Protein chains: 2
Amino acid sequence: MKNQIGREIPETIPGYGKVNAFAGVFATIPDGKRQAPPVKRMLPGQTKLVESLEEIFKRVPIKDGMTLSFHHHFRNGDGVLNQVLEVAAKLGLKNLKIALSSIFPVHKPLIEHIKNGVVTGLDANYMSGPVAEAVSKGLLEKPVILRTHGGRARAIECGQLKIDVAFIAAPAADDYGNLNGVSGDTACGSLGYAFPDAEYADYVVAVTDHIEPYPLAPVSISQTRVDAVVVVPCIGDPKGIVSGTTQVTKDPVGLKIATNAAKVIEATGLIQDGFSFQTGAGGASLATAHFVRQMMEAKEVTGSFALGGITGYMVDMLEKGLFRRVFDVQGFDLEAQRSLRDNPNHIEVGAGLYASPFNGGCLVNKLDVVILGATEIDTDFNVNVVTGSNGVIMGGSGGHSDAAAGAKVTIVVANLLRGRLPIIVDKVLTATTPGESIDVLVTERGIAVNPRQPELRQRLAEAGLPVKDIAQLKELAEAIAGAPAAVQTGEKIVAVVEYRDGTIIDVVRQAKEV
Amino acid sequence: MKNQIGREIPETIPGYGKVNAFAGVFATIPDGKRQAPPVKRMLPGQTKLVESLEEIFKRVPIKDGMTLSFHHHFRNGDGVLNQVLEVAAKLGLKNLKIALSSIFPVHKPLIEHIKNGVVTGLDANYMSGPVAEAVSKGLLEKPVILRTHGGRARAIECGQLKIDVAFIAAPAADDYGNLNGVSGDTACGSLGYAFPDAEYADYVVAVTDHIEPYPLAPVSISQTRVDAVVVVPCIGDPKGIVSGTTQVTKDPVGLKIATNAAKVIEATGLIQDGFSFQTGAGGASLATAHFVRQMMEAKEVTGSFALGGITGYMVDMLEKGLFRRVFDVQGFDLEAQRSLRDNPNHIEVGAGLYASPFNGGCLVNKLDVVILGATEIDTDFNVNVVTGSNGVIMGGSGGHSDAAAGAKVTIVVANLLRGRLPIIVDKVLTATTPGESIDVLVTERGIAVNPRQPELRQRLAEAGLPVKDIAQLKELAEAIAGAPAAVQTGEKIVAVVEYRDGTIIDVVRQAKEV
C-alpha cells in the first residue's frame, strides 16, 4: 500500500507486524489508556543497593526475550549499555530487545551481541557508526524501529514500547534511588530522555558511579520509581557527550544560509516579546541562532523560551536575558550542565513534555520557529535525515519530526549540494519528516516556501528575499552537479521509520554492499 | 468480623461495599497495575483557557454520579470547592462524589448540597467543622471514606479512588496549564496533595486567579496533565491557611511533655549526622522540635531532612544548616511559601512520594523520628485522631498513620488529661493508627513504651527517663479525673476509617444528638 505521502509500504512487515500507514501530521487521534506498570512497595529499612549488574539480572530476573531500555545522554561516551550486555552475554541470555534512545559508534559491541543472538531487536531514535552500518547491511533479522524523540515517549506512555527493565545511567544517585545528571565526576546534564523509561518500565535500575548522602538534590528521577541502585566503577566518559558541531560555523556558505534563515524569521514577524525558538546543534543552525540573537538584541526583545538539546550558546542567551527560560532535554556541553544545575530558569524536561504528540500538550507545540537540517529534501518538502547517499543509516529523526510538527514556522537549512550531490531530489530515499510540516527550505542559492503556505511565501518575497520554487532550486543544483543516480537498495526491510504518532512513514531497505 | 486489632467491622458496609479488614501494618502486599487515565492530545494552537466553571461542566461534560477531586492547601481559606459546587447545583447535577483531601469549616455549604442530593459521597483525610458534625449525625446516607494522606495517594494511584475531574486550585498558572503555588497574590506554597489528582484524573482543570506569561516557572504541575485553565476572581484566602497552632507552646505542661519527648529522642541515639525528623504543627510538637534543635546545635549535628507540613520553624532550621533538605507537601505559613520559592533545598513533594505505601519507597520510610498527637490512645497503643469525646468527627489521620508506619521511632505526645478526660483508655472510640506503629507515649507524668520495643524501653530507663507501663499512666489519670464513661453511639456507620494500605481499621458510628 501507499501511505499519505506516497511511500510504498507492505501491509505487514515480518518482525514488525501490521503497519498503520502514515495518514497526515495530525491524522491520528489517540484512544486507549496510559501504560500501567505494576504497583510495588518498599518497606522501611529495605535497601535498594545491589552489588553488581549480574545480581540485578538474577534478582529481577531478566529473561530471554525481554526488552531492556537505555538512554543516550552520554552519546558517544556511554559506558552502561556495553557493561549490561556483557553481563547478558555471560549469563547466556538470548533474544533481548534493546530500546536505546540513540546508538553511537561506542556501541559497536552490539554487533557481536546481535551475531550471537543475545540481542535480536533494536528500537532507537537515531543511529550512527558501525551498528547503523551493520544493520543497514542486514545484520538483524527483524527491522529496527526508528522513532522520533517524542514518538518514543509516546510509544512508552501508550504501552506500545513496553519496557521490562530500564537501565538509567545516573551521574549521581543516593542509596534510595533519587537520581540526577548534574552532580558527580561524570555529570552529563539533563536526564530527560530517560524520564518515560523510569515512569513506565516494570523495573527500574539506576547504574551510577557516584553516591551522595540521602537525600540527593536536585532530583531528576525520583526514588518512587527506582527499584535498585548498582554502583559500577564508571558509567561513561563525558568527553563523548560533546559533539563536534556545537560551534557557530565559520564556513562562508554556512554563514550565507544562516543569514538567509535569519531574514526569513525576521520576515515572519515572530521576533517579538515571547518569541520561542529551537535549533539543532549543527554549525549552520547555531549561526542562524547567532543572527537571530542580533535581531533580538537590536529590537530589545525578550523571548519566552529556547528548547531542545542545549549548548552553551543558548545558556548565554538565557543569562543575557534574551530568553526567560531554557528547556533542556539533553545537554551538549559543560556550560549546559553548569547552567542546568545552577539556574532555576534552565529547566530539565522529559521527552514526553518535550515532544510527545499524545499528552495534554508538549513544548514543541508552543514553538514559534525551529531550524532543522536535512540530508535530502524532495520537491514535496519531505525530509530524509535517516539514510545517506549510499543508502546506509547514518542518523534518525531525533526531535526533527516533532519540532517540525509543533512549530509555527519550520525552516530547513541546507547547502544546495552535499558533497557533490544535490540535496533536493524528486523523492527522498527515506522520508523521515513529512513535507506537510516543513514550511521553508533555505539554501545559499535561494529560499523555497512550501506551497501550502502561500501567505508566508508572499511575505518573504515582499521582504526582498530570494524566493524560488523548490523545483527551480533543484534545477540550479543539478546544473552544477548533474542529476544524481538513484540509490540501489535490496528488498529486505532493515528499519521501519515510525512517525511520532506511531504510524509508519517509510521503511529502509537493505543497503547494497559497496 | 474482628480485624487484627480487634475492632468489630461488618463484612460488607452499605454504601461502601466489601470490607478488607486491617491485618497488620505491613500485611498487605500490592498486586495489580497503576491507574491508567485516557491518553489525549492537544494540537499546536489549541487553547486551554475556558471562560467559566460552568463552561467546564459543559465541555467535559460533568455528569450525575461523577467523582470530582479537590485539594486542601488553602485549608480554611479554600474558595474553589464552594464555587464549583454552586455551579453543580445550579446545573441540577446530582449524586456527585467529592474527594477533597481535607474538609474545613469554610466548606459548610457542602451541607446544603448534600441535603439537596447534589453531593452523596465524601472522601477525605481530615474533617472538622460543620460538615464533620453534620456527617457524624447521619447527614449522608453513604459513609464517608476517611483515608490517610499516603493512603489517598495510593488509592488514586491504584485506581481505587477513580477521579473523573480534578480541580486544582492554582495560585499561579500560564495559559497552557503549568501551575505552581508560590506565585501570585493567593500563594499557598506546596501543591503536593494535588499531585496524584493531576497525575491520574481523567480530566484536570486548573482554577486560578493569576495568569503569568508562558512558560511559568517553577512548575509544580505540568501542562502535560492539565486539560483546561479557568480564571476566576479569587481562588481562596491565604489567611485561612495559617493554623492557630504553628507556634511553639508556652504552656508549662506542654513544655514539660516536649522536654521529655526530646530526651526520648536523645536516648535513641538517633541525633547524629543524617538525622531525619517530622513533627506536626501543634504547639507541643513544635516545642519538641525546639528542644531537638538545641541538642542538634550542641552536638553540631547536620540532619538529612525534615518532612511534612512545613512551618517557618523548619525553614529556619534549614537556613541555619541544621537540615540539608526540607520536604514540603503543605505549607503552613508565609515563611514556608517564601522558602519553597527561593531555596533549592526546600523541595515540594507530592502525596505519593511523601507517604504512599505502594511505590518504590516513600519519604516517611526514611524518617528517624516522628512526633505525633493523639485525641485518645489505648493500652494497646492504638491512637484515635478522628473522633472527639462526644463521638463527633473532628479530625482525621492526615499523615499520622503514614509517618507512624515509616519512622524508626514514633512518639505520641499528649497531655495525660484532655480537658477533664484521661487520654489513655482501654479501647479508643475510633482506631486511626494501629498501636503496632506507635513506639512511645510521652505525657507530662511519665513515658510509656510499647511492649513490642523492649530494647527501647530499657534504653530509656537507663537514660533515667520516667518510664512507666501505659496501664500505670492510665491509672494516674483516672486517679485525678475518674474513669470516663463510655461514649454512646448509634448503629449507623457514618465513616469508614481506611488504613494507608486500603484495609479498614475501624468505622465511625453515628453520634448521639447532645
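Just so it is clear, the structure is predicted and the values come from calculations on it, not from any experiment.

1. A word on the overall build of chain A
Part 1 of the reasoning: Of the regular secondary structure elements, chain A holds 14 helices and 28 strands.
Part 2 of the reasoning: C-alpha extents for chain A along the principal axes are approximately 70 × 55 × 40 Å.
Part 3 of the reasoning: Sorting the 514 residues of chain A into buried and exposed places 63% on the buried side.
Part 4 of the reasoning: Summarising the internal contacts of chain A: among those between residues at least 6 apart in sequence, 72% fall at separations of at least 24.
Part 5 of the reasoning: Surface summary for chain A: the accessible area is close to 17500 Å², and the carbon and sulfur share equals 50%.
Part 6 of the reasoning: Chain A carries 50 positive and 56 negative side-chain charges, and their two centres are separated by 2 Å.

2. A few points about the sheet that holds strand S18 (residues 376–378) of chain A
Residue and element names in this part refer to chain A.
Part 1 of the reasoning: Reading across from one edge, S19-S18-S23 is the order of the 3 strands in this open sheet, with mixed pairing throughout. Of all the strands in the sheet, the pair left with one neighbour each is strand S19 (383–384) and strand S23 (424–425).
Part 2 of the reasoning: Where S18 lies against S19, 2 bridges are found, and the strand directions are antiparallel. Looking at S19, one finds that Glu-376 is bridged to Asn-384.

3. Description of the interface of chain B and chain A
As a measure of interface size, the accessible area lost when the parts come together is often cited.
Part 1 of the reasoning: If you look at the interface, chain B gives 52 residues, while chain A gives 51 residues.
Part 2 of the reasoning: When the two sides are added together, the surface that chain B and chain A hide from each other amounts to roughly 4400 Å², 55% of it contributed by carbon and sulfur.
Part 3 of the reasoning: Sorting the residues of chain B by area buried against chain A places B:Arg34, B:Val39 and B:Arg41 first, and these three jointly supply 18% of that buried surface.
Part 4 of the reasoning: Linking chain B with chain A are 4 salt bridges.
Part 5 of the reasoning: In this structure, the salt-bridge partner of B:Arg34 is A:Glu199, at a minimum N-O distance of 3.3 Å.
Part 6 of the reasoning: Within the residue set of the side of chain B that touches chain A, elements represented by two or more residues are helix H6 (195–200), strand S14 (303–310), strand S15 (323–331) and helix H12 (400–406) of chain B.
Part 7 of the reasoning: Top element by residues in the side of chain B that touches chain A is S15(B). It accounts for 3 residues.

4. Considerations on the sheet that holds strand S23 (residues 424–425) of chain B
Part 1 of the reasoning: One open sheet holds the 3 strands; their spatial order is S19-S18-S23 (chain B), and the pairing between them is mixed. Here the strands that pair on one side only, and so sit at the sheet edges, are strand S19 (383–384) and S23 of chain B.

5. Quick word on the relation of the copies chain B and chain A
Part 1 of the reasoning: Rotating chain B by 180° and moving it 0.0 Å along the rotation axis overlays it on chain A with an RMSD of 0.0 Å. What we have between these two chains is a two-fold relation. For chain B, the residue whose C-alpha comes nearest the rotation axis is B:Ala36, separated from it by 2.8 Å.
Part 2 of the reasoning: When you check the interface residues of chain B against chain A, 98% turn up at the interface there too, and the contact is symmetric in its surfaces.

6. Considering the environment of B:Gly240
All names here are of chain B.
Part 1 of the reasoning: Relative to the helices and strands, Gly-240 resides in the loop between strand S12 (228–231) and helix H7 (252–268).
Part 2 of the reasoning: Placed 18 residues apart in sequence, Gly-240 and Ala-258 show a C-alpha to C-alpha distance of 27 Å.
Part 3 of the reasoning: Once residues lying within four places of it in the same chain are set aside, the contact partners of Gly-240 are Phe-74, Arg-75, Asn-76 and Gly-77.

7. Details of the pairing of strand S5 (residues 96–100) of chain A
Residues and elements named next belong to chain A.
Part 1 of the reasoning: In terms of burial, S5 is largely enclosed, as 4 of its 5 residues are buried.
Part 2 of the reasoning: Two elements, strand S4 (residues 67–70) and S5, share 4 bridges in a ladder whose sense is parallel. Note that in S5 the partner of Ser-69 across the bridge is Ala-99.
Part 3 of the reasoning: Where S5 lies against strand S6 (residues 119–124), 4 bridges are found, and the strand directions are parallel. The residue of S6 that forms the bridge with Leu-96 is Val-119.
Part 4 of the reasoning: Crossover handedness for the path S5 to helix H3 (residues 110–115) to S6: right-handed.

8. Notes on the side chain of A:Asp368
Residue and element names in this part refer to chain A.
Part 1 of the reasoning: By the secondary structure assignment, Asp-368 is in the loop between helix H11 (351–355) and strand S17 (369–372).
Part 2 of the reasoning: According to the relative accessible area criterion, Asp-368 is buried, its value standing at 7%.
Part 3 of the reasoning: Reaching out from Asp-368, the side chain makes a polar contact with the side chain of Lys-408 at a distance of 2.7 Å.
Part 4 of the reasoning: The contact partners of Asp-368, leaving out residues within four places of it in the chain, are Leu-270, Gly-274, Phe-275, Ser-276, Ala-407, Lys-408 and Val-409.

9. Some remarks on the confidence of the model for chain A
Part 1 of the reasoning: For chain A, mean pLDDT is 96; residues scoring 70 or higher make up 99% of the total.
Part 2 of the reasoning: Here the predicted complex carries an ipTM of 0.96, next to a pTM of 0.97.

10. Here's the deal with unusual backbone geometry
Part 1 of the reasoning: Between A:Tyr214 and A:Pro215 the backbone carries a cis peptide bond, its omega angle lying at -5°.
Part 2 of the reasoning: Note on placement: A:Pro215 falls in the loop between strand S11 (203–208) and strand S12 (228–231).
Part 3 of the reasoning: The phi angle at B:Asn95 is positive, at roughly 65°, despite the residue not being glycine.

11. Remarks on the packing of aromatic side chains
Part 1 of the reasoning: The final tally for this structure, using the stated rule, is 18 aromatic pairs over all chains.
Part 2 of the reasoning: Consider the rings of A:Tyr214 and B:Phe305, whose centres lie 5.8 Å apart with planes at 70°: the pair is edge-to-face. One end of the pair, A:Tyr214, is in the loop between S11 and S12; the other, B:Phe305, is in strand S14, on a second chain. Residues A:Tyr214 and B:Phe305 agree in their burial class; the two are buried.
Part 3 of the reasoning: Ring geometry for B:Tyr176 and B:Tyr214: centres 6.0 Å apart, planes at 85°, overall edge-to-face. Taken together, the positions of B:Tyr176 in the loop between strand S9 (172–173) and strand S10 (179–180) and B:Tyr214 in the loop between strand S11 (203–208) and S12 put the pair 38 residues apart, joining distant regions of the chain.
Part 4 of the reasoning: When its relative accessible area of 11% is taken as the criterion, B:Tyr214 is described as buried.
Part 5 of the reasoning: Among the aromatic residues, ring-to-ring pairing joins A:Tyr176, A:Tyr214, B:Phe305 and B:Phe327 into one connected group.
Part 6 of the reasoning: Above the ring of B:Tyr313, the side-chain terminus of B:Arg293 is found at 5.5 Å from the ring centroid.
Part 7 of the reasoning: Lying over the aromatic face of A:Tyr214, B:Lys366 brings its terminal NZ or CZ to 4.6 Å of the ring centre.

12. Some words on helix H9 (residues 312–319) of chain B
Residues and elements named next belong to chain B.
Part 1 of the reasoning: Where burial is concerned, most of H9 is hidden: 6 out of the 8 residues are buried.
Part 2 of the reasoning: Of the residues making up H9, those classed as buried are Gly-312, Tyr-313, Met-314, Val-315, Met-317 and Leu-318.
Part 3 of the reasoning: For H9, the elements touching its buried residues are strand S13 (276–279), helix H8 (283–299), S14, S15, helix H10 (334–342) and strand S16 (346–348).
Part 4 of the reasoning: A positive phi of about 80° marks Gly-321, the residue just after H9.

13. Regarding the pattern of salt bridges
Part 1 of the reasoning: Summed over all chains, the structure comprises 52 salt bridges over all chains.
Part 2 of the reasoning: Put simply, A:Asp123 and A:Lys97 hold a salt bridge, and the shortest N to O gap is 3.9 Å. Within this pair, whereas A:Asp123 is found in strand S6, its partner A:Lys97 is found in strand S5, the two being separated by 26 residues in sequence.
Part 3 of the reasoning: Residue A:Lys97 is classed as partly exposed on the basis of its relative accessible area of 22%.
Part 4 of the reasoning: One salt bridge in this structure joins B:Lys115 and B:Glu112, with 3.9 Å as the shortest N-O distance. Taken as a pair, B:Lys115 and B:Glu112 lie in helix H3 (residues 110–115) at a separation of 3 residues, close to a single helical turn.
Part 5 of the reasoning: Using a relative accessible area of 44% as the deciding quantity, one classes B:Glu112 as partly exposed.
Part 6 of the reasoning: Connected through shared salt-bridge partners, A:Lys97, A:Asp123, A:Arg147, A:Arg154 and A:Glu498 make up one network.

Procedures and definitions
Residues numbered from 1 in each chain as written. Chains lettered and ligands numbered in written order. Predicted model: local features only at pLDDT ≥ 70, side-chain atom pairs only at ≥ 80, totals over all residues. Heavy atoms only, no water. Helix = DSSP H or I, 4+ residues; strand = E, 2+ residues; numbered from the N terminus. Buried < 20%, exposed > 50% of the residue type's maximum accessible area, 1.4 Å probe, protein only. Contact = heavy atoms within 4.5 Å. Areas by Shrake-Rupley, 256 points an atom, 1.4 Å probe, with all protein chains shown as cover. Lys, Arg positive; Asp, Glu negative; His and termini not counted. Charge placed at Lys NZ, Arg CZ, Asp CG, Glu CD. Pairing = 2+ DSSP bridges. Buried area = accessible area lost by both parts, 1.4 Å probe. Salt bridge = Lys/Arg side-chain N within 4 Å of Asp/Glu carboxyl O. Least-squares fit on C-alpha atoms with pLDDT ≥ 70 in both. Right-handed = clockwise from strand over helix to strand, strands pointing away. Polar contact = N/O pair within 3.5 Å; in protein donor to acceptor, adjacent residues only side chain to side chain. pLDDT = per-residue confidence, 0-100. Phe/Tyr/Trp six-rings, centres within 6.5 Å; stacked < 30°, edge-to-face > 60°. Lys NZ or Arg CZ within 6 Å of the ring centre and 35° of its normal.

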